[in-house]
Amino acid sequence: MGSVASYFGQLCGGEEKKEEERHLRANDRPFNLSYNYANNAIKTSKYNIFSFLPCNLFEQFRRLANAYFLFLMLLQLIPQVSSLSWFTTAVPLILVLSMTAVKDASDDIVSRNCNLKNKYLNNSVLGQKTEKWKNVQVGDIIKLENNQFVTADLLLLSSSEPLNLCVCVCVCVSCTADANLSLSGEVRCEPPNNRLDKFKGTLTLDGQTYSLDNDKVLLRGCTLRNTEWCFGVVVFGGPDTKLMQNSGKTTFKRTSIDHLMNVLVLCIFGFLASMCTVLAIGNGIWEVREGSVFTVFLPRDEGVNAALSSFLSFWSYVIILNTVVPISLYVSVEIIRLGNSFYIDWDRKMYYPKNDTPAQARTTTLNEELGQIKYIFSDKTGTLTQNIMTFNRCSINGKAYGEQLCLYKNYGTERVDFSWNRLADPKFMFHDYSLVETVREGNLEAQAFFRLLALCHTVMPEEKKEGELYYQAQSPDEGALVTAARNFGFVFRSRTPETITAVEMDRSVTYELLAVLDFNNVRKRMSVIVRSPEGKVTLFCKGADTIIFERLHPSCNKLKEITIGHLNEYAGDGLRTLALAYKDLDERYLEDWKQRHHEASTAMEGREERLDELYEEIEKDLLLLGATAVEDKLQDGVPQTIEQLAKADIKIWVLTGDKQETAENIGYSCNMLREEMRDIFVVAANTAEGPSVIKARAGLFWLQRTETVQDEKVDGDYGLVINGHSLAFALEKNLQMELLRTACMCQTVICCRVTPLQKAQVVQLVKKYKQAVTLAIGDGANDVSMIKAAHIGVGISGQEGMQAVLSSDYSFAQFRYLQRLLLVHGRWSYLRMCKFLRYFFYKNFTFTFVHFWYAFFCGFSAQTVYDEWFITLYNLVYTALPVLGLSLFDQDVNDRWSFQYPQLYTPGQLNLYFSKKAFVRCMLHSCYSSLILFFIPWAAIYDTVRDDGKDIADYQSFALLAQTCLLVVMNVQLCLDTDYWTAVNQFFVWGSLAAYFAVTFTMYSNGMFLIFTSSFPFIGTARNSLNQPNVWLTIFLTSLLCILPVVAFRFILIQLRPTINDKVRKEALPAPTPRRPPARRISTRRSGYAFSHSQGYGDLVTSRKFLQRLPLWSRQAPFTQTDSPLAQNQPQHYRTIAEEPEESQSP
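What you see is a predicted model; the values in this text were computed from it and never measured.

## Concerning the overall build of the protein
At step 1: The secondary structure content of the protein amounts to 38 helices and 32 strands.
At step 2: Out of the 1147 residues in the protein, the part that is buried amounts to 58%.
At step 3: Counted over contacts in the protein with a minimum sequence separation of 6, partners at least 24 positions apart contribute 77%.
At step 4: A total accessible area of about 48,500 Å² is found for the protein, and carbon and sulfur atoms account for 57% of it.

## Some thoughts on the side chain of Asp-977
At step 1: Structurally, Asp-977 can be placed in helix α32 (residues 955-977).
At step 2: For Asp-977, the residues in contact, after removing those within four places along its chain, are Lys-835, Tyr-839, Leu-886, Asp-890 and Arg-1050.

## Side note on the nonpolar core
At step 1: Residues Tyr-317, Leu-329, Phe-836 and Leu-837 are the most contacted members of the largest nonpolar core, which totals 91 residues.
At step 2: In terms of residue count, helix α26 (residues 817-855) provides more of this core than any other element does, 18 residues in total.
At step 3: Discounting residues that sit within four places of it in the chain, Leu-837 has contacts with Ile-257, Met-261, Leu-329 and Phe-914.
At step 4: Formed by 51 residues, the second largest nonpolar core is a distinct cluster that contains Ile-396, Ala-454, Phe-492 and Val-528.

## Remarks on the packing of α32 against helix α33 (residues 983-1003)
At step 1: Taken N-terminus to C-terminus, the directions of α32 and α33 make an angle of 170°; their axes are 10 Å apart at the nearest point. With respect to α33, the axis of α32 lies roughly antiparallel. Along its contact with α32, which presents Leu-960, Gln-963, Thr-964, Leu-967, Asn-971, Leu-974 and Cys-975, the element α33 presents Val-989, Ser-992, Leu-993, Tyr-996, Phe-997 and Thr-1000.
At step 2: Of the residues assigned to the contact of α32 with α33, the class counts are eight nonpolar, five polar and no charged.

## Examining helix α27 (residues 868-878)
At step 1: Every buried residue of α27 is listed here: Phe-870, Leu-873, Tyr-874, Asn-875 and Tyr-878.
At step 2: The elements touched by buried residues of α27 are α9 (328-346), α26, α28 (880-889), α32 and α33.

## Thoughts on unusual backbone geometry
What you tend to see is this: most non-glycine residues have negative phi, and most peptide bonds are trans.
At step 1: With a phi angle near 55°, Asn-397 is a residue other than glycine that sits in the positive phi range.
At step 2: Along the chain, Asn-397 falls in the loop between β15 (385-396) and β16 (399-401).
At step 3: Judged by relative accessible area, Asn-397 falls into the partly exposed class, the value being 42%.
At step 4: Phi angles above zero are rare outside glycine, and Asn-911 is one such case at about 55°.
At step 5: Looking at the element boundaries, Asn-911 is found in the loop between α30 (906-909) and α31 (916-941).

## Considering a nonpolar patch on the surface
At step 1: There is a patch of nonpolar side chains on the surface, built from Val-278, Phe-856, Phe-857, Leu-931 and Phe-935 and spanning about 420 Å² of accessible area.
At step 2: With respect to the helices and strands, Phe-857 occurs in the loop between α26 and α27.
At step 3: Residue Phe-857 is classed as partly exposed on the basis of its relative accessible area of 40%.

## Regarding a negative patch on the surface
At step 1: Taken together, the side chains of Glu-608, Glu-609, Asp-612 and Glu-613 present a region of like negative charge at the surface.
At step 2: Here Glu-608 lies in helix α17 (residues 607-618).
At step 3: Here Glu-608 falls in the partly exposed class, since its relative accessible area comes to 44%.

## Let's talk about the packing of α27 against α28
At step 1: Where α27 contacts α28, the two axes come as close as 5 Å, and the packing angle between them is 30°. Regarding the angle of α27 to α28, the classification is roughly parallel. Contacts between α27 and α28 involve Asn-875, Leu-876, Val-877 and Tyr-878 from the former and Ala-880, Leu-881 and Pro-882 from the latter.
At step 2: When its residues are assigned to classes, the contact of α27 with α28 shows six nonpolar, one polar and no charged.

## Remarks on the pattern of salt bridges
At step 1: This model, assessed by the stated rule, comprises 32 salt bridges.
At step 2: Sharing partners across several salt bridges, the network here consists of Arg-525, Glu-550, Arg-551, Glu-616 and Glu-619.

## Digging into the sheet that holds strand β7 (residues 186-189)
At step 1: With respect to topology, four strands assemble into an open sheet ordered β1-β7-β8-β9, the strand pairing being antiparallel. Every interior strand has two partners, whereas the edge strands, β1 (22-25) and β9 (208-212), have only one. For this sheet, the mean angle separating the axes of adjacent strands, direction not counted, is 20°.
At step 2: Here β7 pairs with strand β8 (residues 201-205) via four bridges, running antiparallel. Its bridge partner being in β8, Glu-186 is matched across the sheet by Thr-204.

## Overview of the packing of aromatic side chains
At step 1: Under the criterion given, the structure shown has 56 aromatic pairs.
At step 2: Between Phe-271 and Phe-845 the ring centres are 6.3 Å apart and the planes differ by 55°, which places this aromatic pair in the tilted class. Within this pair, whereas Phe-271 is found in helix α7 (residues 256-294), its partner Phe-845 is found in helix α26, the two being separated by 574 residues in sequence.
At step 3: The exposure class assigned to Phe-271 is partly exposed, which follows from its relative accessible area of 27%.
At step 4: Of the residues examined, Phe-845 reaches a relative accessible area of 0% and is grouped as buried.
At step 5: Lying over the aromatic face of Tyr-37, Arg-22 brings its terminal NZ or CZ to 3.9 Å of the ring centre.
At step 6: Geometry around Phe-31 places Arg-25 over its ring, the cationic atom sitting 3.9 Å from the centre.

## Remarks on the confidence of the model for the protein
At step 1: Averaged over every residue, the pLDDT of the protein is 78; residues scoring 70 or more account for 77%.
At step 2: This model gives residues 118-122 a pLDDT under 50, and the stretch forms 15 contacts once residues within four places in sequence are excluded.
At step 3: Note on residues 164-182: pLDDT under 50 across the span, and 96 contacts to partners over four residues away in sequence or across chains.

## Some points on the environment of Val-762
At step 1: Residue position: Val-762 is located in helix α23 (residues 756-770).
At step 2: Note on Val-762: relative accessible area 4%, which makes it buried.
At step 3: Spatially, the C-alpha atoms of Val-762 and Phe-377 are 9.0 Å apart, while their sequence positions differ by 385 residues.
At step 4: The residues touching Val-762, leaving out its near neighbours within four places in the chain, are Phe-377, Trp-653, Leu-655, Leu-727 and Leu-731.

## Some thoughts on the pairing of strand β19 (residues 490-495)
At step 1: Of all six residues in β19, five are buried; the element is thus mostly enclosed.
At step 2: Bridging between β19 and strand β20 (residues 499-504) involves five bridges; their strand directions are antiparallel. Looking at β20, one finds that Val-491 is bridged to Val-503.
At step 3: Counting the residues between successive antiparallel strands, the hairpin from β19 to β20 contains three residues.

## Quick look at the pairing of strand β30 (residues 773-778)
Where a strand is regular, its side chains alternate between the two sheet faces.
At step 1: A large share of β30 lies buried, amounting to six of its six residues.
At step 2: Note: strand β14 (residues 373-378) against β30, five bridges, orientation parallel. Within β30, the position partnered with Ile-373 by the bridge is Val-773.
At step 3: Pairing geometry for β30 and strand β31 (residues 792-796), over four bridges, is parallel. Its bridge partner lying in β31, Leu-775 is registered against Ile-792.

## A closer look at the side chain of Asp-892
At step 1: Tracing the chain through its elements places Asp-892 in the loop between α28 and α29 (895-900).
At step 2: Among the residues examined, Asp-892 registers a relative accessible area of 9% and is labelled buried.
At step 3: Within the structure, the side chain of Asp-892 is placed 2.8 Å from the side chain of Arg-827, a separation counted as a polar contact.
At step 4: There is a polar contact of 2.7 Å between the side chain of Asp-892 and the side chain of Asn-1061.
At step 5: Excluding anything up to four places from it in sequence, Asp-892 contacts Arg-827, Trp-828, Leu-831, Asp-979, Asn-1061 and Arg-1065.

## Describing the environment of Asn-487
At step 1: Along the polypeptide, Asn-487 turns up in helix α13 (residues 476-487).
At step 2: Owing to a relative accessible area of 0%, Asn-487 belongs among the buried residues under this scheme.
At step 3: Between the alpha carbons of Asn-487 and Pro-426 there is a distance of 8.7 Å; along the sequence they are 61 residues apart.
At step 4: Apart from residues no more than four positions distant in its own chain, Asn-487 is found in contact with Phe-418, Trp-420, Asn-421, Ala-424, Asp-425 and Phe-428.

Calculation notes
Residues numbered from 1 in each chain as written. Predicted model: local features only at pLDDT ≥ 70, side-chain atom pairs only at ≥ 80, totals over all residues. Heavy atoms only, no water. Helix = DSSP H or I, 4+ residues; strand = E, 2+ residues; numbered from the N terminus. Buried < 20%, exposed > 50% of the residue type's maximum accessible area, 1.4 Å probe, protein only. Contact = heavy atoms within 4.5 Å. Areas by Shrake-Rupley, 256 points an atom, 1.4 Å probe, with all protein chains shown as cover. Core = buried A, V, L, I, M, F, W, Y, C linked by side-chain atoms within 4.5 Å. Axes fitted to C-alpha atoms, helices over the stretch in contact; angles between N-to-C directions. Parallel < 35°, antiparallel > 145°, perpendicular 65-115°, else oblique. Nonpolar A, V, L, I, M, F, W, Y, C, P; charged D, E, K, R; others polar. Patch = residues over 30% accessible without salt bridge, like charges linked within 9 Å, V, L, I, M, F, W, Y side chains within 5 Å. Salt bridge = Lys/Arg side-chain N within 4 Å of Asp/Glu carboxyl O. Lys, Arg positive; Asp, Glu negative; His and termini not counted. Charge placed at Lys NZ, Arg CZ, Asp CG, Glu CD. Pairing = 2+ DSSP bridges. Phe/Tyr/Trp six-rings, centres within 6.5 Å; stacked < 30°, edge-to-face > 60°. Lys NZ or Arg CZ within 6 Å of the ring centre and 35° of its normal. pLDDT = per-residue confidence, 0-100. Polar contact = N/O pair within 3.5 Å; in protein donor to acceptor, adjacent residues only side chain to side chain.

Written out as structure tokens, the structure reads:
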């Protein structure tokens, strides 16, 4: 109701008052509706039943050609001007508008139907009333159930768990809430905004006021986990939710070719006006000099003089020469785009059988843009990765386990049998039997190693049935480590705020949890202090190896050196590592430390500093146990896809909300960040002080010493990693150009801890200043704003819901399909569209220029060269299907070669196949062809007689000869442009010629003349002209003179300046060779530790708060997933072809 009232208020001219504070009452709809708050209905479609016709017509008439033909139709209503009937333009225009409107309506209906699947999901309102999500109002109390998506911003009330523990996993943010809130409380809070990390408000209950912050709200886009149900009151709904505030507006996307065509149409208008002006002046001169001679048998209308005749002639030629912008152009463009969209929908190689998910082109207007992508902006979690961690290798007391991991993968070595452990996770895989034997033999170090993994974490267990354990981990890293300990006999079973219960080698043990020394980005480690049943107090610590090694006891130096060697090996394989250590504590020291810890934690000033000092004090002289190596599982084919796209000169930027270390590790796993890079600049400032971005750029300029603004070159490859705080300052106007220039000089850019709005800002920055085509790809609701901001938006249908897909232009199930979408479908679509436009402009300019030359021989009287029926059918019948066949089926190389030679993609990025220069070349080519097509037939038929001595030098015979030569030349030219022949192409080419001769002989027959005398005056012209040898000789000569220079020019160009396409065609496709595993890189980088959760969670598990806060994770626990199949279309090998700068020419 509120949104409807607001809409009509704006419609009537009233200004909507800006909301300064939100005031609501729980379960009091009349009170809340009085404020006209927006309901929970979301509109992602472009049109509704009332706005479709005006909005769609407005969008279509933004195309200047459509507006031009509307003007032309009105002009043809003036009898003194038009030599053609008005409906000759009106019917094609209405046909074009109708076909485009049907296509746009179909696209919008598909988007609306997909959105309705989520909009009409049921939820329960307090009182056991079932309601649609779209009908939920602000102030309603909602009951949520486990694994249910949340589509409104809620203030959480209570949960079903015995200890009131609840995990709310959110796409952007995850939060907690207090309980025991009355159903009659009042809430005052901030107005709707896009700050995902901030929330301020108060709750008034029973006369007392309680503060509300971000820890007590659950945002739209979240998924409820680890609880059967919970209750929450709606604070923001629909467009007011923080997620939708970050999503941005739905915009009408047009391709760069569309924009170029608008510019060209303007140029064509100017050129058309110039031609008409020249001919009008010629008409005036002719009327003055020669016109008086013809007034005897062609008397002028009363009041018409030479000046008026010249003026009317101008508009007559505007109508006759209108074919320079043919109305059928836009119909053909829409058909081509629709056909290429079907190819994407039907591509079996982009079908994901595991989820029964095919690729889908959700729009049909952007296909050729896929062949011009220069920048890709990608989310990380769920887009590049499966968000699944696997425990692969470890080092315990100087001995490495899991040594031959890569061999296990290649040769199928049997996995370890954990059937001896009744609580083992059946999905866990490990291949080194020696580790199991070491643990079961009672090795103290190995058992202490896994005991640490079972105790030092913040995981919450769920056991619905005896022996069926499910771990809810705030990060998949922790889930993988706890699961590994579980399978090796140290099973984390349950926890309370004071205890941790584990099953150690089939023996249940309960530890007293004395303290949790929580993780943060500075400490880069986490510790727990526990007391065993025997009374022994131990500190267990895990964290980044560089941090742990600084705090080891000197007696561990030898073991440390051995472990460092193992860690270097693990890092070389791209694994995420952690070092594990422990320390036995004295009881009396611990009591003194706990007292000082309590004083520090309750201090009002200097709390963080005092706690850090206490943590440093107790976490020293540790004893090293070993190290773990965890693999962050990428989606299948991600490194190969990134490698292919990089070879196609496409730059990939990763924009993620995850922490810096996690993003860096994924960068190394994907081969985006490499050890051989000259340097990797990390910009991680938390304030605006210090121009970090400028310093990073200064480092690059110090090497290159260049002042070029665009595409500056540097010596070597560089990477840039920047966090959200620094990015916020870098996006300010005084620094954003520095950020852009620095980032564009780097091979890889990773932005971490960024908000959805920052993602969109980065995309818009590149769009604005680089003049390059951008693509954004993501799978979650936090990627919607980025997807909408980019030229092309791609949604991955994953586990985070359908909001990214609903807002996208294309969707599929796996990131690896992106290379096929771009390198195959995108490149083909761009190539076909460019060929179509070049040929279309060529054939229509040639057609029109013949009229221009003829004007000098007909007294500038606006007489047409061709038969009126030929003019009507030229674009609609005779040349329509052949060019459509070219534009739907043509391939310069097949899909395998497109993967084999990714460099074939680069011409599209440089606009080499169709640009203003290419358009000018088409005009010059048309001008030459039109001269041949007019003057050769004119000279050949001038004063010519038939072989029986009769005269055939008449207008009708000349018109037939000229139009026949034109059609033959157009078809031969199309054959030269066709690289890939199919039966359909052959049928269209030969069929169009056959149709022309069949129609011509029919319309020029005696029967048609007798039935429609005024409409078919060319009686007998075809049979009288086309049976003469000299006519056919003229057709052959004209065709030869038009085509031979084109063939010669192309041959010379291939020999002297071959393009990348020419080079590839000369290559013989080699037999596929097996892909060798990448050589292990020797790395000393060990800062990328597998520890990706947020500060504060340790305090949470030792408290009795009702709801638990989690970071930016939106996936299920890693051990609940199954392995996905291998990529089906990975290229076997790659070949590099060097192309010189001057060779970047249009073929």
